[in-house]
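# Inside the fold
If you want the building blocks of each chain, they are given just below.
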Amino acid sequence: MENIIPHDFHIGKTDRNKLNGHNSFVVWFTGLSGSGKSTIANQVENELFKKGIKTFSLDGDNIRKGLNNNLGFSAADRQENLRRIAEISKLFVESGSLVIASFISPLEKDREMIKEIIGKDDFIEVFIKTSLEECERRDIKGLYKKARAGEIKNFTGIDAPYENPINPDLEVETEKENLEDAIKRIVLRLEDKLEIRV
Ligand SMILES: Nc1ncnc2c1ncn2[C@@H]1O[C@H](COP(=O)(O)OS(=O)(=O)O)[C@@H](OP(=O)(O)O)[C@H]1O
Ligand SMILES: Nc1ncnc2c1ncn2[C@@H]1O[C@H](COP(=O)(O)OP(=O)(O)O)[C@@H](O)[C@H]1O
């Protein structure tokens, strides 16, 4: 950007990672509403926090109710929502945290944008694969019922698209794999990348 000259700070990500004793990066959960993103993200964070990892979770509650409260669910607004979240995630990674982001992030092109902003080496994509039928059966927030009744427009899976990730780093089929096993599998993969040093 014109006339914006970045300042060269002395302390960087590598220094903070050394101080914290582990690497920092983003684990990004994508999937339909009700697929299990928040449930899984929460438990993964609990496990890693217990092990002394600096974690920080980003989800609809702290983003769509705050920073992004001017954005809705059109394709353009979702893209801007995700662009800002990716930029925030990148800052948290610089600050030394393992960022746990849970957003529907329905389009491949937007997930590519996210990966580009954060950098592919600092990004793990986890696809929470739950069928629309199961999400609708769970309907924990009652939103599918409203969407079917036409009370919510552009609802993902009903009248807005969800494109399955082509090549996610991890995939959890919540209708097949037990939750505890899935958490263990994800935690193991993250521990490997965290390279925890005591
Ligand atoms: N139209 C429509 N479509 C999808 N979801 C909707 C919509 N309206 C509100 N909600 C609620 O908002 C949560 C999804 O927000 P995200 O920021 O994750 O969406 S996106 O990544 O920008 O597509 C989503 O939360 P989760 O259920 O946790 O996924 C919904 O509760
Ligand atoms: N294997 C599973 N993994 C995650 N959630 C599951 C699983 N089986 C059932 N559930 C239930 O599905 C719902 C998922 O809701 P939530 O985690 O809020 O989804 P999302 O954040 O994707 O909208 C929760 O009520 C959770 O208890």
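About the cut-offs
Residues numbered from 1 in each chain as written. Chains lettered and ligands numbered in written order. Predicted model: local features only at pLDDT ≥ 70, side-chain atom pairs only at ≥ 80, totals over all residues. Heavy atoms only, no water. Pairing = 2+ DSSP bridges. Helix = DSSP H or I, 4+ residues; strand = E, 2+ residues; numbered from the N terminus. Axes fitted to C-alpha atoms, helices over the stretch in contact; angles between N-to-C directions. UniProt positions renumbered as here; feature names shortened; annotations may be inferred. Core = buried A, V, L, I, M, F, W, Y, C linked by side-chain atoms within 4.5 Å. Buried < 20%, exposed > 50% of the residue type's maximum accessible area, 1.4 Å probe, protein only. Contact = heavy atoms within 4.5 Å. Near = heavy atom within 4 Å. Polar contact = N/O pair within 3.5 Å; in protein donor to acceptor, adjacent residues only side chain to side chain. Areas by Shrake-Rupley, 256 points an atom, 1.4 Å probe, with all protein chains shown as cover.

### Digging into the sheet that holds strand E4 (residues 123-129)
The strand order across the open sheet formed by five strands is E2-E3-E1-E4-E5, and the pairing between neighbours is parallel. Edge positions in the open sheet fall to strand E2 (55-59) and strand E5 (170-173), since each of these has one partner strand only. Looking at each pair of strands side by side, their axes are set apart by 20° on average, direction ignored. Pairing of E4 with E5 involves four bridges; the strand directions are parallel. Bridged to Phe127 within E5 is Glu171.

### Quick look at the UniProt feature "domain: APS kinase" (unreviewed entry) in the chain
Mapped onto this numbering, the UniProt entry annotates "domain: APS kinase" (unreviewed entry) at residues 24-172. Secondary structure over residues 24-172 splits into 44% helix and 17% strand, and the C-alpha atoms at its two ends are 23 Å apart.

### Description of the nonpolar core
Counting residues in hydrophobic clusters, the biggest one holds 21 residues, and the most contacted among them are Phe29, Val44, Val126 and Ile186. Listing elements by their share of this core, those giving two or more residues are strand E1 (26-30), helix H2 (37-50), strand E3 (98-102), E4, E5 and helix H8 (179-194). Among the elements that line this core, the one with the most residues is H8, at six residues. Each residue touching Val44, except ones within four places of it in the same chain, is listed here: Phe29, Ile183, Ile186, Val187 and Leu190. Counting residues in each nonpolar core, the second largest holds 17 residues, with Ile85, Phe103, Ile114 and Ile117 among its members.

### Some words on the site of ligand 2
Taken together, 14 residues lie near ligand 2, and Gly34, Gly36, Lys37, Ser38 and Thr39 sit nearest. Here an oxygen atom of ligand 2 sits 3.4 Å away from a polar atom, N or O, in the main chain of Leu32. A distance of 3.0 Å separates an oxygen atom of ligand 2 from a polar backbone atom of Gly36. Burial of ligand 2 by the surrounding chains reaches 76%, relative to a free accessible area of 570 Å².

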